[in-house]
Amino acid sequence: MTFKVTPQADGILRVQICERFDFSTQAEFRTTYESESPANSFILDFEKTKHMDSSALGMLLLLREYVGDVRKVKLIRCSNEIKKILEICHFQDIFEIT
Amino acid sequence: MTLFNRERLSISEYDDAMTYTISWKDDELTDIDVADCVGQLLTLLNLDESDHFRFGVILSELLINSIDHGLLGLSSSLKESADGFAEYYKLREEKLASLKKGQISMSAERYDSDNDKEEKLKLTLVDSGCGFDYSKLNNDFGIAAHSGRGIKLVRQYCDALTFSQGGRRVEVIYAINSG
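Residues numbered from 1 in each chain as written. Chains lettered and ligands numbered in written order. Predicted model: local features only at pLDDT ≥ 70, side-chain atom pairs only at ≥ 80, totals over all residues. Heavy atoms only, no water.

What exactly am I supposed to notice about the overall build of chain A here?
For chain A, the count of helices and strands is 3 helices and 7 strands. Helices and strands in chain A line up, N terminus first, as β-β-β-α-β-β-α-β-α-β. What you see for chain A is a C-alpha radius of gyration of 12 Å, in line with the 13 Å of a compact globule of 98 residues. Based on the C-alpha atoms only, the size of chain A along its principal axes is roughly 30 × 30 × 20 Å. Burial analysis of chain A (98 residues in total) assigns 50% to the buried set. Taking the contacts inside chain A whose residues are at least 6 apart along the sequence as the reference set, 66% of them involve residues at least 24 apart. For chain A, the accessible surface area stands at approximately 4,500 Å², while carbon and sulfur atoms represent 47% of it. Here chain A contributes 13 positive and 15 negative side-chain charges, whose respective centroids are spaced 3 Å apart. (Helix = DSSP H or I, 4+ residues; strand = E, 2+ residues; numbered from the N terminus. Rg over C-alpha atoms; globule rule 2.2 N^0.38 Å. Buried < 20%, exposed > 50% of the residue type's maximum accessible area, 1.4 Å probe, protein only. Contact = heavy atoms within 4.5 Å. Areas by Shrake-Rupley, 256 points an atom, 1.4 Å probe, with all protein chains shown as cover. Lys, Arg positive; Asp, Glu negative; His and termini not counted. Charge placed at Lys NZ, Arg CZ, Asp CG, Glu CD.)

Structure (structure tokens):
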């Protein structure tokens, strides 16, 4: 599994994001969240992520559309470079990023 | 002077500049692995962590653009919905597998700039594809837009980004260690 899902508490899922979060993982990322109910909140853990591309940013937007509420997607343990990418694209306005 | 030449990769030295070139032609493109090629080039360039990350983003975004939009003629407008997004990558796989003719050359030159005494990288990517009207590149789009982010990242990280030859050639100047 490229994206390991761990239930945290009621309705909260923690998803481990892979080392290279890019276009080649798009189908698997979608399958991962679509096999869970959109009523869940998603905590995406970027601890292992060393590369991210613009397609991955598009994938995050699709997850946000899936759950229908921005407050239900959090991006955590992002490296400084990952944070920088998210900031360039103003994702701090639509996601909680730490 | 050519120092090294192995399959698709060549390394040459001229004055104090080192140039690393990877090129692909016709059926070599059908199994092109963007992550692997970018990784190889980055290893040769031996950059520190931040430059490695940022130049890696530039290389991947521009190589993917050359393949997807240049050679395969895919349109990002497909990516507007989850189904369209998946459709885009399904089409990409099919078109790439059946690609008969095409060329891409990706070249990174590491040199000392005479002007500002900085060490720089010049990346040049040329493809034999359909090109595009770069005067219509949209830099001002909404947060939730479904395309344009790749070029936005590249622009943010580099000193200069120049398209030419009808959009088939792109050149980037990147300052090493600029933080």
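Next comes the rest of the write-up.
Explain the interface of chain B and chain A to me, please; I cannot follow it from the model alone.
The accessible area lost on association of the parts is a frequent measure of interface size. At the junction of the two partners, chain B supplies 28 residues and chain A supplies 27 residues. Across the chain B/chain A interface, buried area totals approximately 2,400 Å², and carbon plus sulfur atoms make up 67% of it. Looking at the side of chain B facing chain A, the largest losses of area belong to B:F53, B:I143 and B:R149, adding up to 26% of the total buried there. Along the contact surface separating chain B from chain A lie 2 salt bridges. Close ionic contact of B:R54 with A:E81 constitutes a salt bridge, the shortest N to O distance being 2.9 Å. At the boundary of chain B with chain A, the tally comes to 6 residue pairs in polar contact (both at pLDDT 80 or more). When residues of the side of chain B that touches chain A are traced back to their parent elements, those giving at least two are helix 1 (34–45), helix 2 (49–71), helix 3 (82–97) and helix 4 (149–157) of chain B. Examining the composition of the side of chain B that touches chain A, we find that 8 residues originate from one element, helix 2 of chain B, more than from any other. (Buried area = accessible area lost by both parts, 1.4 Å probe. Salt bridge = Lys/Arg side-chain N within 4 Å of Asp/Glu carboxyl O. Polar contact = N/O pair within 3.5 Å; in protein donor to acceptor, adjacent residues only side chain to side chain.)

Mind showing me how you'd approach the side chain of A:T25 here?
Structurally, A:T25 can be placed in the loop between strand 3 (20–21) and helix 1 (26–34). When residues no more than four places from it in sequence are discounted, the contact partners of A:T25 are A:T2, A:F3, A:C18, A:R20 and A:M59.

Quick question: what am I supposed to make of the sheet that holds strand 1 (residues 4–9) of chain A here?
Strand pairing in a sheet relies on backbone hydrogen bonds, with the paired strands running either antiparallel or parallel. Residues and elements named next belong to chain A. The mixed open sheet is built from 5 strands, whose spatial order is 1-2-4-6-7. Among the strands making up the open sheet, the edge pair consists of strand 1 and strand 7 (96–97). The sheet contact formed by strand 1 and strand 2 (residues 12–16) spans 5 bridges and is antiparallel. For T6, the partnering residue across the bridge sits in strand 2 and is R14. (Pairing = 2+ DSSP bridges.)

These results come straight from atomic positions and should not be treated as a statement about function.
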